[in-house]
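Coordinate inspection notes
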Amino acid sequence: MGVEAHATNERATGRTWTVRLDPVGRGRADVRVSCSRPACAAQVLPSAAVGRTAAVEHLKAHLRAGPAPRPSAYCACRAEECHTHIRPAGPRERPAPWRCGGAVVLAVVTDREGRWWQVMECCSRCAAAHPTAKIAATAPAPDRTAPADAFRAAAAPVPAVPAVGPHFSHTASGASVPHEVPAPRSERPPRPTRQRARRGRIAQRFVPHELRPVALRDELTELGELFRAYQQRAEPDLAMLAGLHARKAKAFRAWAEVTADTGLRLDAERAEQAAATARLQHLHRSGQAPEGDGPAVTRLLTASAQWNHARAVLTHVADHSPLPGPEARLLVVMLTLRTAQSGVGNLVGQDLKGLPLPDPEHLVEQLVECGWLEIAGTVDELIASRPENPTRIGVPSLTPDESDPGPFTFGRKMRPKLSGWAQRVVGEKKLRKAKTAADARLLALALATGVSLDGQLGPEGEGLALEALASWCAVAPGELLELVDRLTATDWLTEVAVTDTVLTGRLTERVLPLSCPLP
């Protein structure tokens with residue numbers, strides 16, 4: 001009897017087979033269609049389109065001729081320990097063990113490129129976990145009425161309890177203790193199910209269910225779902241993204257006030273910055289100006305964070321320039337941008353020859369002698385080096401270590417963007433044709449980083465201080481007017497007005513793409 005019961009409870013593992021489409025060889029257009037079932041021979045077809053059609057027809061023929069899914073089959077996904085689709089729910093969550101369930105189905109799973117098709121006899125829950133799965137057939141529900149259940153259903157009513165019940169040693173007399181027979185399970189009222197409260201998640205933070213007010217908790221939960229839905233979009237919608245970030249900033253600010261959490265307040269500020277950036281990018285892509293009137297400006301540096309990093313580099317050079325004079329200042333700017341992230345970089349002779357420096361060899365020697373610059377080899381070898389064999393350079397004051405991460409906070413990918421921007425400003429076409437000196441090009445850098453969104457000098461067009469500009473260009477204040485005239489002649493500046501203390505005006509439309517607007 002035990003052997004028969006064991007044989008009855010055995011479940012066959014779900015079937016699985018694969019139809020593949022593979023190239024025959026490199027540089028050939030024909031393809032091979034193969035099926036993992038042993039009775040199917042491979043076919044060679046002239047093109048991928050013809051092969052894909054043949055593979056799909058071959059798969060459909062198997063599904064039409066093959067048996068239906070078996071209700072008692074063991075899930076094929078579970079037999080493979082669900083390696084094909086189980087993933088952790090998040091960076092701070094552990095992957096939960098997969099639980100199979102539902103009817104047994106024949107599911108067809110394919111890759112997005114249409115190179116293989118796999119048929120699995122698995123449970124409906126595992127099939128739903130595959131993003132590309134399509135159900136080809138479903139097994140009928142098994143008859144779960146066992147003979148023993150039928151026998152119990154037809155059995156006689158439960159006999160009455162005998163008059164003499166169990167007698168316990170602590171009872172004072174031999175009186176009987178009544179014994180109640182529990183009602184059958186089918187007659188008991190259903191136990192109320194406890195519904196677990198929905199727990200929201202946004203920006204790697206869980207929204208506590210006890211958070212009050214309830215409207216704030218629901219807003220945070222809904223925002224998390226909207227952000228996750230946005231990530232699944234095929235095309236970006238920057239206007240929608242800006243609105244989501246604005247709502248997030250408002251909700252996080254309210255959350256911070258309720259919990260007095262400084263981290264939430266900082267997240268709210270970052271969300272405000274992200275909303276402003278997304279809104280500005282949307283205006284650029286839709287052909288609108290930042291204020292909604294006039295054409296958009298496609299800038300070389302596109303984000304406010306990049307503009308701030310460019311100003312940080314120029315401020316650092318102004319405070320830590322090792323040599324006097326505009327030529328040395330300009331060279332230090334370019335070398336700082338080459339080595340800003342790690343303290344080391346590559347340099348070729350053309351990088352120095354392209355700058356308006358009357359004697360670049362002497363300046364490099366001075367920077368090496370004062371210890372600000374280190375080069376591999378001699379100065380002559382640096383001047384003669386070519387792109388295929390660059391010279392390694394290093395700036396010790398910019399090299400990070402365990403105690404000092406360095407003066408700049410931008411990453412490895414940001415450094416070449418800033419360096420390319422500075423080269424475009426310094427080497428701008430009309431500045432090169434006019435053979436402007438280093439002091440005029442330093443002024444061009446200063447003006448490019450000191451304008452409003454529409455190109456007016458200074459925050460909100462208030463102008464820039466002459467003393468600060470002269471100090472940055474390493475010239476006397478009286479020489480600054482001549483530099484302004486040079487930039488006006490080269491179509492950099494327009495509407496210029498100079499007082500005793502302030503320079504006002506506007507960058508021309510031609511050079512607005514090189515500007516880094518003030519916040």
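All of the points below concern the structure found in this document. Counting starts from 1 at the beginning of each chain's written sequence and moves along it residue by residue. Only residues with pLDDT of 70 or above have their local features reported here, since the model is predicted, and side-chain atom pairs are shown and tallied only from 80 upward, although totals for entire chains, interfaces and linings are computed over all residues. In computing side-chain properties, one takes all heavy atoms of the structure into account and sets aside hydrogens as well as water.

**What about the sheet that holds strand β11 (residues 391-394)?**
With antiparallel pairing, three strands are arranged side by side in an open sheet as β9-β11-β10. Of all strands in the sheet, those with a lone pairing partner are β9 (344-347) and β10 (374-375), marking the two edges. Strand pairing is assigned whenever DSSP identifies at least 2 bridges connecting the two strands. Helix numbers and strand numbers start at the N terminus; a helix is a DSSP run of H or I with at least 4 residues, a strand a run of E with at least 2. Pairing between β9 and β11: four bridges, direction antiparallel. Considered in β11, the bridge of Gly-345 is made with Ile-393. Along the sheet, helix α10 (residues 326-339) makes contact with β9 and β11, crossing β9 at roughly 120°. Should any heavy atoms of two residues lie within 4.5 Å, those residues are considered in contact. Only the stretch in contact is used when fitting a helix axis, every axis being a line fitted to C-alpha atoms; angles between N-to-C directions are given from 0 to 180 degrees.

**Some remarks on the side chain of Asp-439**
Position of Asp-439 among the secondary structure elements: in helix α16 (residues 438-448). Burial classification: accessible surface area is computed with a 1.4 Å probe over protein chains only, and a residue below 20% of its type maximum counts as buried, one above 50% as exposed, and the rest as partly exposed. Overall, the relative accessible area of 13% leaves Asp-439 in the buried class. The residues contacting Asp-439, other than those within four sequence positions of it, are Pro-326, Cys-473, Val-475, Leu-483 and Arg-486.

**A short note on the nonpolar core**
Residues grouped as a nonpolar core are buried Ala, Val, Leu, Ile, Met, Phe, Trp, Tyr and Cys residues, joined through side-chain atoms within 4.5 Å. Counting 73 residues, the largest nonpolar core has Leu-331, Leu-373, Trp-421, Leu-443, Leu-447 and Trp-492 as its most contacted members. It is α16 that contributes the most residues to this core, nine residues altogether. Sequence-distant contacts of Leu-443, that is, excluding residues within four places in its chain, are made with Leu-469, Cys-473, Leu-480, Leu-483, Val-484 and Leu-487. Grouped together as the second largest cluster of nonpolar side chains are 19 residues, Val-207, Tyr-230, Leu-244 and Ala-256 included.

**Regarding the side chain of Asp-30**
Along the chain, the position of Asp-30 falls in the loop between β1 (16-23) and β2 (31-35). Aside from chain neighbours lying at most four places away, what touches Asp-30 is Pro-23, Val-24, Val-44, Leu-45, Pro-46 and Ser-47.

**So, unusual backbone geometry**
With an omega dihedral of 5°, the bond running from Arg-212 to Pro-213 counts as a cis peptide bond. The backbone phi angle of Gln-204 is positive, close to 60°, even though this residue is not glycine. Relative to the assigned elements, Gln-204 resides in the loop between β7 (201-202) and β8 (205-206). Positive phi, close to 55°, is recorded for Lys-435, a residue that is not glycine.

**Some words on the packing of α16 against helix α18 (residues 480-489)**
α18 packs onto α16 with a crossing angle of 75° between their chain directions and a minimal axis gap of 10 Å. The orientation of α16 relative to α18 falls into the category roughly perpendicular. In this structure, α16 uses Asp-439, Ala-440, Leu-443, Ala-444 and Leu-447 to contact α18, whose residues at the interface are Leu-480, Leu-483, Val-484, Arg-486 and Leu-487. Any angle that falls under 35 degrees is termed roughly parallel, while one over 145 is termed roughly antiparallel, one within 65 to 115 roughly perpendicular, and all others oblique.

**Some thoughts on the environment of Glu-222**
Relative to the elements of secondary structure, Glu-222 occurs in helix α6 (residues 214-231). The partly exposed category is assigned to Glu-222, whose relative accessible area is 37%. Considered as a pair, Glu-222 and Ile-202 are 20 residues apart in the sequence and their alpha carbons are 8.9 Å apart.

**Points about helix α17 (residues 466-473)**
Looking only at α17, the buried set comprises Leu-466, Leu-469, Ala-470, Trp-472 and Cys-473. Projection of α17 onto a plane perpendicular to its axis shows the buried side chains occupying an angular sector of 160°, all on one side. α17 presents Glu-467 and Ala-468 as exposed residues on the side facing more than 90 degrees away from its buried surface. Directly beyond the C-terminal end of α17, a positive phi value near 60° is found at Ala-474. The reported arc concerns the directions from the helix axis to the C-beta atoms and nothing else.

**Brief notes about the environment of Arg-392**
Mapped onto the secondary structure, Arg-392 falls in strand β11. For Arg-392 and Gly-345, which are 47 residues apart along the polypeptide, the C-alpha to C-alpha distance reads 5.9 Å. Not counting residues within four places of it along the chain, the set of residues in contact with Arg-392 comprises Val-344, Gly-345, Asn-346, Glu-374, Ile-375 and Ala-376. As used in this structure description, the phrase polar contact means that two N or O atoms lie within 3.5 Å; if the pair is within protein, one of them must be able to donate a hydrogen and the other to accept it, and residues adjacent in sequence are counted only when both atoms belong to side chains. There is a polar contact of 3.3 Å between the side chain of Arg-392 and the side chain of Asn-346.

**Here we look at the sheet that holds strand β4 (residues 104-110)**
Spatially, β3-β2-β1-β5-β4-β6 is the arrangement adopted by the six strands of the open sheet, whose pairing is antiparallel. Of all strands in the sheet, those with a lone pairing partner are β3 (43-45) and β6 (134-138), marking the two edges. Going from strand to strand, the sheet's axes swing by 20° on average, the running direction of each strand aside. The pairing of β1 with strand β5 (residues 116-123) spans five bridges and is classified as antiparallel. Of the residues in β5, the one forming a bridge with Trp-17 is Val-119. Seen against the sheet, helix α2 (residues 48-65) touches β1, β2, β3, β4, β5 and β6 and runs at an angle of roughly 170° to β1.

**Some points on helix α12 (residues 360-369)**
For α12, the complete set of buried residues consists of Pro-360, Leu-363, Val-364 and Leu-367. Projected down its long axis, α12 carries its buried residues within an arc of 100°, all on one side. Residues of α12 that are buried make contact with α10, α11 (349-353) and α13 (379-384). Taken from the residues just after α12, Gly-371 is the one with a positive phi, measuring 85°.

**Re a nonpolar patch on the surface**
Distance thresholds for patches are 9 Å for like charges and 5 Å for nonpolar side chains (Val, Leu, Ile, Met, Phe, Trp, Tyr), applied to residues having over 30% relative accessible area and no salt bridge. The method behind every accessible area is Shrake-Rupley, applied with a 1.4 Å probe, and residues are considered shielded solely by the protein chains displayed. Should a side-chain nitrogen of Lys or Arg be within 4 Å of a carboxyl oxygen of Asp or Glu, the pair is scored as a salt bridge. Side chains of Leu-481, Val-496 and Val-498 sit close together on the surface and give an oily, nonpolar patch of about 210 Å² of accessible area. Checked against the element boundaries, Val-498 lands in strand β13 (residues 493-498). Judged by its relative accessible area of 37%, Val-498 is partly exposed.

**Focus on the pattern of salt bridges**
According to the stated counting rule, one finds 19 salt bridges in the structure shown. In this structure, the salt-bridge partner of Glu-121 is Arg-70, at a minimum N-O distance of 2.7 Å. Taken together, the positions of Glu-121 in strand β5 and Arg-70 in the loop between α2 and α3 (76-79) put the pair 51 residues apart, joining distant regions of the chain. In this structure, Asp-454 and Arg-506 form a salt bridge, with 4.0 Å as the shortest nitrogen-oxygen distance. In this pair, Asp-454 sits in the loop between α16 and β12 (464-465) while Arg-506 sits in strand β14 (residues 502-507), placing the two residues 52 residues apart along the sequence. The class for Asp-454 is partly exposed, based on a relative accessible area of 39%. Here the salt bridges do not stand alone but share partners, grouping Glu-428, Lys-430, Asp-491 and Arg-510 into one network.

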